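Observations on the three-dimensional arrangement
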Amino acid sequence: MKRILVPIDYSNPSLQAARYAFHFALESGATLDFLHIFSIPVSAVDSYVYVPDHEEIEAIRNNHLNHLNEIASDLRLKSAISIQINVHCVYGHPIEQILEFGKQYKNDLIIIGLQGEGFLKERFVGSITTHLFRKSHIPVIAIHSTTTYSKIKNILFAYDLKPFSNKQLLKPLVELANYFNAHVHVLNVTDELEIFPNISEQLQANHLNPPLNLNNTSYHIVENENIVDGIKEYLAMNTIDLIVIISREHSVITNIFDERISKKTAFNLDLPILAFHD
């Protein structure tokens, strides 16, 4: 990963994502792009609508840039190693701006905070993150407000046994695993074990480019009717630093990226989640 985009809205989850991204960049040598997206304040009284002029909008933008620079400076003070952190501020729709920015600046990873915590909030927040899970062509890592960085040694890859239309789909996973010398746990969650699938052969049959390192990959099956519960069952027995999930059409994994279910998944799996779609 050479250039990482970190959207920041100053919430606790987004600030924690910035901390996580900073330590990730220290390990990987990546450049960070801190991005804040704001809405132009518009007020209306009776039939009169007031829209700030260019100078006022620039003043708002500069205030946000100063705030982002303070966040970057605080992070730099905690490390003896120097990394490049660029700060940016734009106005507009958050999802559209994140996707456009990532394309323009050729970011190869997005690290973003999950917005909100708890039983009630998970039903109303996190729509930006879950939308990026489903739509972004750049891999997305979602961070909880309580997630602290730990070096990636074990990666859980939830695999549904379906072929990939994009043979380079797992390239970010392979690059991460190779860079950190991490072990990849390939996990299939199935509702019955009557026919025991050969996960290794089915994954290799995709002719992936690049393929997973066979010497640092293991294959596992959990029997459970609910994929989230199956993943949690495996996590209870194994130390995992990152969860990888693929979103695609017409597969059981797609259910995780349903607007309702994806939030539940993210809020119930208290680990960083890396998502990209086929």
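Scroll up for the structure.
Report follows, based on the coordinates. Owing to the predicted nature of the structure, the values given are computational and were not obtained by experimental measurement.

Across all of its chains, the model carries eight aromatic pairs by this definition. With a centroid separation of 6.0 Å and an interplanar angle of 50 degrees, the aromatic rings of tyrosine 159 and phenylalanine 164 are classed as tilted. Grouping aromatic residues by their ring pairs yields a cluster made of Tyr20, Phe24, Tyr149, Tyr179 and Phe180.

Here we come to the pattern of salt bridges. Enumeration over the complete set of coordinates arrives at two salt bridges. Here aspartate 33 and arginine 3 are joined by a salt bridge, their closest N and O atoms 2.5 Å apart. Linking aspartate 33 in strand E2 (residues 31–38) with arginine 3 in strand E1 (residues 3–7), this pair joins segments that are 30 residues apart in sequence. In this structure, the salt-bridge partner of glutamate 58 is arginine 61, at a minimum N-O distance of 3.7 Å. Remark: arginine 61 and glutamate 58 occur in helix H2 (residues 54–77); sequence separation between them is three residues, near one turn of the helix. Classification of glutamate 58 as partly exposed rests on a relative accessible area of 27%. Here arginine 61 falls in the partly exposed class, since its relative accessible area comes to 29%.

Quick look at the pairing of strand E8 (residues 154–158) now. Counting buried residues in E8 gives five out of five residues, a clear majority hidden from the surface. The alternating pattern of E8 places Asn154, Leu156 and Ala158 and Ile155 and Phe157 on opposite faces, both of which are buried. Pairing analysis gives five bridges linking E8 to strand E9 (residues 183–190), with the strands arranged parallel. In the strand pairing of E9, asparagine 154 is matched with histidine 183. With four bridges joining them, E8 and strand E11 (residues 242–247) adopt parallel strand pairing. Within the sheet, the bridge partner assigned to phenylalanine 157 lies in E11 and is valine 244.

Non-glycine residue leucine 161 carries a positive phi angle of around 70 degrees. Of note, leucine 161 is situated in the loop between E8 and helix H6 (171–180). The buried category is assigned to leucine 161, whose relative accessible area is 19%. Even without glycine at this site, asparagine 181 takes up a positive phi of about 55 degrees. In this structure, asparagine 181 sits in the loop between H6 and E9. With a relative accessible area of 62%, asparagine 181 lands in the exposed category.

Another aspect to go through is a negative patch on the surface. Residues Asp191, Glu192, Glu223 and Glu225 make up a contiguous surface patch of negative charge. Turning to its location among the elements, glutamate 223 is positioned in strand E10 (residues 217–223).

Criteria and cut-off values
- Residues numbered from 1 in each chain as written.
- Predicted model: local features only at pLDDT ≥ 70, side-chain atom pairs only at ≥ 80, totals over all residues.
- Heavy atoms only, no water.
- Phe/Tyr/Trp six-rings, centres within 6.5 Å; stacked < 30°, edge-to-face > 60°.
- Salt bridge = Lys/Arg side-chain N within 4 Å of Asp/Glu carboxyl O.
- Helix = DSSP H or I, 4+ residues; strand = E, 2+ residues; numbered from the N terminus.
- Buried < 20%, exposed > 50% of the residue type's maximum accessible area, 1.4 Å probe, protein only.
- Pairing = 2+ DSSP bridges.
- Patch = residues over 30% accessible without salt bridge, like charges linked within 9 Å, V, L, I, M, F, W, Y side chains within 5 Å.
- Areas by Shrake-Rupley, 256 points an atom, 1.4 Å probe, with all protein chains shown as cover.
- Lys, Arg positive; Asp, Glu negative; His and termini not counted.
- Charge placed at Lys NZ, Arg CZ, Asp CG, Glu CD.

By themselves, these figures tell us nothing about what the structure is for.
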